[in-house]
Amino acid sequence: MDVIILAGGLGTRLRSVINSLPKPMAPVADRPFLEYLLDYLISQKITNKFLVSVGYEHQKIIDHFGYKYKEYELTYLIEDTPLGTGGAIQLALNKIQTEQALIVNGDTLFNVNLSALIDLHNQKKSLITVALKPLTDFDRYNNVMLDDDQKIIGFESKKYQHQGYINGGIYCVWKNILSSFDLPSKFSFEDDFLKVYTEKIPMYGFISDEYFIDIGIPQDYEKSQIELPSLISKVSF
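The text that follows walks through the structure, step by step, so that each part is easy to find. All values reported here derive from a predicted model rather than from experimental measurement. (Residues numbered from 1 in each chain as written. Predicted model: local features only at pLDDT ≥ 70, side-chain atom pairs only at ≥ 80, totals over all residues. Heavy atoms only, no water.)

1. Some points on the pairing of strand E1 (residues 2–7)
As a reminder, the rule being used: Burial classification: accessible surface area is computed with a 1.4 Å probe over protein chains only, and a residue below 20% of its type maximum counts as buried, one above 50% as exposed, and the rest as partly exposed. Note on conventions: DSSP H or I runs of at least 4 residues are helices, E runs of at least 2 residues are strands, and numbering of each starts at the N terminus. Strands qualify as paired when DSSP identifies two bridges or more between them.
Burial analysis of E1 places six of its six residues in the buried class, the great majority of the element. Side chains Asp2, Ile4 and Leu6 of E1 all project onto a buried face; the interleaved residues Val3, Ile5 and Ala7 project onto the opposite face, where all are buried too. Taken together, the five bridges between E1 and strand E7 (residues 100–105) define a ladder with parallel strand orientation. Within E7, the position partnered with Asp2 by the bridge is Ala101. As judged from the five bridges shared by E1 and strand E4 (residues 49–54), these two strands associate in the parallel manner. Bridge pairing in E4 places Val3 opposite Phe50.

In structure tokens:
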């Protein structure tokens, strides 16, 4: 299955820490965050190539990685102007060679069993399956609501939640999922698509309580400096 990595964001909230680096290139214990993400994906053994959607300061990513990482092919899809997560996914899905794809955020590492996620996706005949992380005492993320069959029935806007599920930034989708809708070239996959079409698309959640880190804000980026190297020492990737 082709894997799409969304690595084109501006990273404005991290700019004070990483200056002009693209967010996936933020150094974590002297390695770019994207290396940890690629190692995790490679460890899952579901693909032999990655499509990397890049935009802001993309040449820094290309110069560091080139077109291969540990014998895995890297293909870059360059956004000339920012497309948002939805526009980037729309562009990338037009380039994949498999009927389905996995999509991951380039600033998040969620140690999900991807084979199990794909199995659930196929078992439920889902069009979009979202990896969900159980969380307590949070207000930074939308709360994802499920029915008893793990079907996603809604997204609660960001507010304090004592407990719930958050979108972990990993999706299994069908190649043509966006083509049936009249969508602009630039849009948010989360806000302008998932939230809007929840009731019209078979959309399921894959719940996993494995390690999760999102380096999008300085506090969590600092946490990653300690947690990610420790995680690497404990697991195979």
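2. Observations regarding helix H2 (residues 33–43)
Within H2, 10 of the 11 residues are buried, leaving the element largely enclosed by the surrounding structure. Phi turns positive one or two residues past the end of H2, at Lys45, with a value near 55 degrees.

3. Concerning the packing of H2 against helix H3 (residues 58–65)
Put simply, the test is: Angles here are taken between N-to-C directions and fall from 0 to 180 degrees, while the axes themselves are lines fitted to C-alpha atoms, restricted in helices to the stretch in contact. Each angle receives one of four descriptions, namely roughly parallel if under 35 degrees, roughly antiparallel if over 145, roughly perpendicular if within 65 to 115, and oblique otherwise. In a left-handed crossing the near helix is turned counterclockwise from the far helix by less than a right angle, and in a right-handed crossing that turn is clockwise. Contact definition: two residues touch when any of their heavy atoms are within 4.5 Å. When residue character is reported, Ala, Val, Leu, Ile, Met, Phe, Trp, Tyr, Cys and Pro are called nonpolar, Asp, Glu, Lys and Arg charged, and the others, Gly included, polar.
Between H2 and H3, the shortest axis-to-axis distance is 11 Å and the interhelical angle comes to 60 degrees. Relative to H3, H2 is oriented oblique. Crossing angle aside, the handedness with which H2 passes H3 is right-handed. Facing Leu34, Glu35 and Leu38 of H2, the residues of H3 in contact are Ile61, His64 and Phe65. Split by residue class, the contact of H2 with H3 holds four nonpolar, one polar and one charged.

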